[in-house]
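Reading the structure
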Amino acid sequence: RGGINQGAWRVAGIERDGPAALARVTSRLRNTPELAFEDRRDILTALTVTGTARPDLRPAIVPALIETVERHPEHAGDIAYSFYAWRDWSIVPLFSAMLDGALDHDTRYILDIVVATARAEHPEMPAAEDL
């Protein structure tokens, strides 16, 4: 219920209770705007770890991740590698648009890698200026 292992407890709870626990976690992420940055990051970490271990749960996880980055773009770098590793390019339009804005060096670097890889694998994917 908290502390430094909060993310690990969330992963364990999702693993134990499956979609019901996942629904609770994504609901907390989506419906608690006052979450502190670190709490939100812990939830994002739990979701990306779960999505890596349980690809069958990604359809419920991916929309929550995208929605979070839309609302809190400062978390783009926190989830970018998971989309890259999953080869899920559904976030690429959002990342492409973000590359036109002000980003710290590390976030720009990882978003650029995700976008470039997606376009290399799918040349038909529109560029940011075409969206």
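Presented here is a report on the structure given in the accompanying data block. This is a predicted model, so every value here is computed, not measured.

What counts, and where the lines are drawn
- Residues numbered from 1 in each chain as written.
- Predicted model: local features only at pLDDT ≥ 70, side-chain atom pairs only at ≥ 80, totals over all residues.
- Heavy atoms only, no water.
- Helix = DSSP H or I, 4+ residues; strand = E, 2+ residues; numbered from the N terminus.
- Rg over C-alpha atoms; globule rule 2.2 N^0.38 Å.
- Buried < 20%, exposed > 50% of the residue type's maximum accessible area, 1.4 Å probe, protein only.
- Contact = heavy atoms within 4.5 Å.
- Lys, Arg positive; Asp, Glu negative; His and termini not counted.
- Salt bridge = Lys/Arg side-chain N within 4 Å of Asp/Glu carboxyl O.
- Polar contact = N/O pair within 3.5 Å; in protein donor to acceptor, adjacent residues only side chain to side chain.
- Expected span 1.5 Å × (residues − 1).
- Arc of directions from axis to C-beta.
- Axes fitted to C-alpha atoms, helices over the stretch in contact; angles between N-to-C directions.
- Parallel < 35°, antiparallel > 145°, perpendicular 65-115°, else oblique.
- Nonpolar A, V, L, I, M, F, W, Y, C, P; charged D, E, K, R; others polar.

Considerations on the overall build of the protein
The helix and strand inventory of the protein stands at 7 helices and 0 strands. Secondary structure elements of the protein, listed N to C terminal, follow the sequence α-α-α-α-α-α-α. Rg of the C-alpha trace for the protein: 15 Å, near the compact-globule value of 14 Å for 131 residues, within the 12% margin. On the principal axes, the C-alpha backbone points of the protein span a range of 45 × 30 × 20 Å. Counting over 131 residues, the protein shows a buried share of 44%. Excluding contacts between residues fewer than 6 apart, the proportion of contacts in the protein whose partners are at least 24 apart in sequence is 57%.

Here's the deal with the side chain of arginine 58
Relative to the elements of secondary structure, arginine 58 occurs in helix H4 (residues 58-71). Aspartate 88 provides the closest opposite charge to the buried, unpaired arginine 58, separated from it by 6.7 Å. Among the polar contacts listed, one links the side chain of arginine 58 to the backbone oxygen of glycine 51, at a separation of 2.7 Å. Apart from residues lying up to four places away in sequence, arginine 58 is in contact with Gly51, Thr52, Pro63 and Trp86.

A look at helix H2 (residues 19-31)
The terminal C-alpha atoms of H2, which comprises 13 residues, lie 17 Å apart, in line with the 18 Å expected from a rise of 1.5 Å per residue. Among the residues of H2, those classed as buried are Ala21, Leu22, Val25, Thr26 and Leu29. All buried residues of H2 lie within an arc of 130° about the axis, which places them on one face of the element. For H2, exposure combined with an orientation more than 90 degrees from the buried face picks out Arg24 and Asn31. Where H2 is buried, its residues contact helix H1 (6-17), helix H3 (37-53) and H4.

Some points on the packing of H1 against H2
Orientation of H1 relative to H2, taken along the N-to-C sense of each, is 140°, at an axis distance of 6 Å. Considering the angle they form, H1 stands oblique to H2. Across from Arg10, Gly13, Ile14 and Asp17 in H1, the residues of H2 making contact are Pro19, Ala20, Ala21, Leu22, Arg24, Val25 and Arg28. Looking at the contact of H1 with H2 residue by residue, the class counts come to 6 nonpolar, 1 polar and 4 charged.

Side note on unusual backbone geometry
In this structure, arginine 87 takes a positive phi of about 55° despite not being glycine. Owing to a relative accessible area of 39%, arginine 87 belongs among the partly exposed residues under this scheme.

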